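# Structural overview for review
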Amino acid sequence: MKQPKLILCLLAFFSITIAFSQAKKPTLMVVPSDAWCIQNGYAMTFENQGSTEKIADYKRAFQENPEVLQVISQINGMMADRGFPLKNMESVIKTISSNSAEDNLRQSKESGSDIAESPIDEFKKAAKADIIIQLTWTVNKTGPKKSINFNLQGLDSYTDKQIATATGTGAPSFSAETPVLLSEAVLSHMDNFTASLQSHFDDMFENGREIIVRIQKWDDWDGDLETEYGGGDELGFVIEDWLQNNTVKGRFNTTDMTENMALFEQVRIPLYNEQGNAIDARRYVRDLSKFLSSAPYNIPNKLVMKGLGRATIILGGK
């Protein structure tokens, strides 16, 4: 009797192991942090609604500092060894460059306005990674010895929330190059770091990914969110009912609601559709846009995206 029990235990163990190994993992991309880029002179400025902002110039950092590629490759290798799929940052930068000329020529159908999108939003949209890992490192020199301080931050690319962190200082060395020093310093922290990333992704897989949905209206539209339709329901309540029926476990918060605008935060959307394809904020909110433009509402509207996790529907026209 003992042998069959042993076989059953082994089968159970292997089935659990296989299920764990086949669990979906978040897609990651490792990038040098804004702080590192700005401190080392790899920054650019852009105008954002009248104010000047400074952000990392990743393209220059890769082109002018070979150490960047080496350091990121070290972290990429450590993540790959733990089964995490990675996006290649150099490829993303090339995609952005090839798209920039087309975007510069695109204008609004009605007003002729240019596209308003910050460089970091454009970067995240091209990366399409679940989690961005920001890496900061500093080399310390004491006589002939070198050591390295590092800071790893795992950020949800949709909400910019920090979901994992690891910091430390590596052991001094006489001859090791910076990438090797970084690898040695990070190694003892990597398992806890990746466990935090996986825990966050598991929560998203079970409870949905967070996005923000905003509803606005054009000035010349004669309706508003208090307009009643069909059985007497106000449009604001109609939209809330749609979110209730189309979010994971009905999870969302109505942060603000007036006759002219509504703000919904912590809107939990599925990571994948029934075909196993990834769902982002644009695909999700597009369904709400179609719902509002169809009978009995017949409200023309415009869908506007800001980054990966924020979508706005403007009611009353394109």
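Relevant structure appears above.
Keep in mind that this is a model prediction, so the values were computed, not measured.

Conventions adopted
- For every chain, the first residue of its written sequence is number 1, and the numbers climb from 1 along that sequence.
- Local features in this predicted model are restricted to residues whose pLDDT is 70 or higher, and side-chain atom pairs enter the listing and the counts only when it is 80 or higher, whereas totals over whole chains, interfaces and linings include all residues.
- Side-chain descriptors were evaluated using all non-hydrogen atoms of the structure, hydrogens and water having been removed beforehand.
- We call two strands paired when DSSP finds no fewer than two bridges between them.
- In this text, helices come from DSSP runs of H or I with a minimum length of four residues, and strands from runs of E with a minimum of two, each type numbered from the N-terminal end.
- Note on geometry: axes are C-alpha line fits, over the in-contact stretch for helices, and angles between N-to-C directions span 0 to 180 degrees.
- Only heavy atoms matter for contacts: two residues are in contact if any of them lie within 4.5 Å across the pair.
- We define a nonpolar core as any set of buried Ala, Val, Leu, Ile, Met, Phe, Trp, Tyr and Cys residues linked to one another through side-chain atoms lying within 4.5 Å.
- Any residue under 20% of the maximum accessible area for its type is buried, any over 50% is exposed, and the rest in between are partly exposed; the area is computed with a 1.4 Å probe on protein chains only.
- In what follows, salt bridge is the name for a side-chain nitrogen of Lys or Arg lying within 4 Å of a carboxyl oxygen of Asp or Glu.

Time to look at the pairing of strand 10 (residues 253–257). Bridge analysis of strand 10 against strand 11 (residues 262–269) gives four bridges, and the strand direction is antiparallel. Residue pairing across strands places Asp 256 opposite Leu 263, the latter belonging to strand 11. Hairpin remark: strand 10 followed by strand 11, antiparallel, with four residues in the connecting loop.

Attention now moves to the sheet that holds strand 13 (residues 310–315). What links the strands of a sheet is backbone hydrogen bonding, and the strands pair in either a parallel or an antiparallel sense. Read across the sheet, five strands follow the order 10-11-7-13-12 without closing on themselves; strand pairing throughout is mixed. Edge positions in the sheet fall to strand 10 and strand 12 (301–306), since each has one partner strand and no second. When the angles between neighbouring strand axes are averaged without regard to direction, this sheet yields 20°. Where strand 7 (residues 209–217) lies against strand 13, six bridges are found, and the strand directions are parallel. Following the sheet pairing, Ile 215 is matched in strand 13 by Ile 313. Together, strand 7, strand 10, strand 11 and strand 13 form the strand contacts of helix 8 (residues 235–246), whose direction differs from that of strand 11 by roughly 10°. Strand contacts of helix 9 (residues 281–293): strand 7, strand 11, strand 12 and strand 13, with the helix running at about 165° to strand 12, the strand carrying the most contacts.

It is worth spelling out the nonpolar core at this point. Of all hydrophobic cores here, the largest spans 44 residues; its most connected members are Met 29, Met 89, Ile 133, Leu 152, Leu 182 and Leu 197. Here this core takes seven residues from helix 7 (residues 178–207), the largest share from any one element. Not counting chain neighbours up to four residues away, the residues in contact with Leu 182 comprise Val 71, Ile 75, Leu 135, Trp 137, Ile 148 and Phe 150.

In this structure the tally under the stated criterion is seven salt bridges. Residue Lys 161 pairs with Glu 210 through a salt bridge whose shortest N-O separation is 3.0 Å. Taken together, the residues Lys 161 in the loop between strand 5 (145–156) and strand 6 (162–169) and Glu 210 in strand 7 connect sequence positions 49 residues apart. For Arg 268, the salt bridge is made with Glu 210, and the minimal N-O distance between the two is 3.8 Å.

Along the polypeptide, Asp 121 turns up in helix 6 (residues 119–127). Judged by relative accessible area, which is 13%, Asp 121 ranks as buried. With 36 residues separating them along the chain, Asp 121 and Ser 157 place their C-alpha atoms 9.7 Å apart. Not counting residues within four places of it along the chain, the set of residues in contact with Asp 121 comprises Lys 306 and Gly 307.

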